[in-house]
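If you want the building blocks of each chain, they are given just below.
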Amino acid sequence: MGSALFHGGTVLTVDKDDHVLAGGWLSVRDGRITATGSRDTTPGTDGFDDVHDLTGHLVMPGLVNTHTHS
């Protein structure tokens, strides 16, 4: 697996304080999120296999529906 940088979108974290990073970024390596940060800490694109500008989009964790009525 490779690496990817997703930047420019609104990143919803699931840290203990539920930070929302407007214009934030996250990096993925080998299928795992390795880092997140605010716009002013966005890393350079060198060293990433894929780079995605998500300006105008929301980046959020996958959610598990544990309560369903079928």
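S.K.: It is not clear to me how the sheet that holds strand 5 (residues 32-37) should be interpreted in this structure. Could you clarify?
M.R.: One key point about sheets: their strands pair by backbone hydrogen bonds, in either a parallel or an antiparallel sense. Across the sheet, four strands lie side by side as 5-4-1-6; this open sheet has mixed pairing. Across the chains shown, the open sheet's two edge strands, defined by having one partner strand only, are strand 5 and strand 6 (50-53). Neighbour-to-neighbour, the strand axes of this sheet turn through a mean angle of 15°, independent of strand direction. As paired strands, strand 1 (residues 3-7) and strand 4 (residues 25-29) are joined by five bridges and run antiparallel to one another. Its bridge partner being in strand 4, Phe 6 is matched across the sheet by Leu 26.

S.K.: How do you make sense of the sheet that holds strand 2 (residues 10-12) when you look at a structure like this?
M.R.: The strand order across the open sheet built from three strands is 3-2-7, with neighbouring strands paired in mixed fashion. Edge positions in the sheet fall to strand 3 (20-21) and strand 7 (58-59), since each has one partner strand and no second. The sheet contact formed by strand 2 and strand 3 spans two bridges and is antiparallel. The residue bridging Leu 12 from the neighbouring strand is Val 20, located in strand 3.

S.K.: Looking at this structure, I do not really get the pairing of strand 4. What am I missing?
M.R.: Among the five residues in strand 4, four count as buried, and that is most of the element. As judged from the five bridges shared by strand 4 and strand 5, these two strands associate in the antiparallel manner. The residue bridging Leu 26 from the neighbouring strand is Thr 36, located in strand 5. With antiparallel pairing between neighbouring strands as the criterion, strand 4 and strand 5 make up a hairpin whose turn holds two residues, including Asp 30 at a positive phi of roughly 50°.

Rules behind the numbers
- All residue numbers refer to position in the chain's written sequence, counted from 1.
- Under the rules for a predicted model, residues below a pLDDT of 70 receive no local features and side-chain atom pairs below 80 are neither given nor counted, while totals for whole chains, interfaces and linings still include all residues.
- Calculation of side-chain values draws on the structure's entire complement of heavy atoms; hydrogens and water are dropped beforehand.
- Strands were regarded as paired on the criterion that DSSP finds at least two bridges between them.
- Strands here are runs of E lasting at least two residues and helices are runs of H or I lasting at least four, both read from the DSSP assignment and numbered beginning at the N terminus.
- Every axis in this analysis is a line fitted to C-alpha atoms, fitted for helices over the stretch in contact. Angles between the N-to-C directions lie between 0 and 180 degrees.
- Burial classes: relative accessible area under 20% of the type maximum marks a residue as buried, over 50% as exposed, and values in between as partly exposed (1.4 Å probe, protein chains only).

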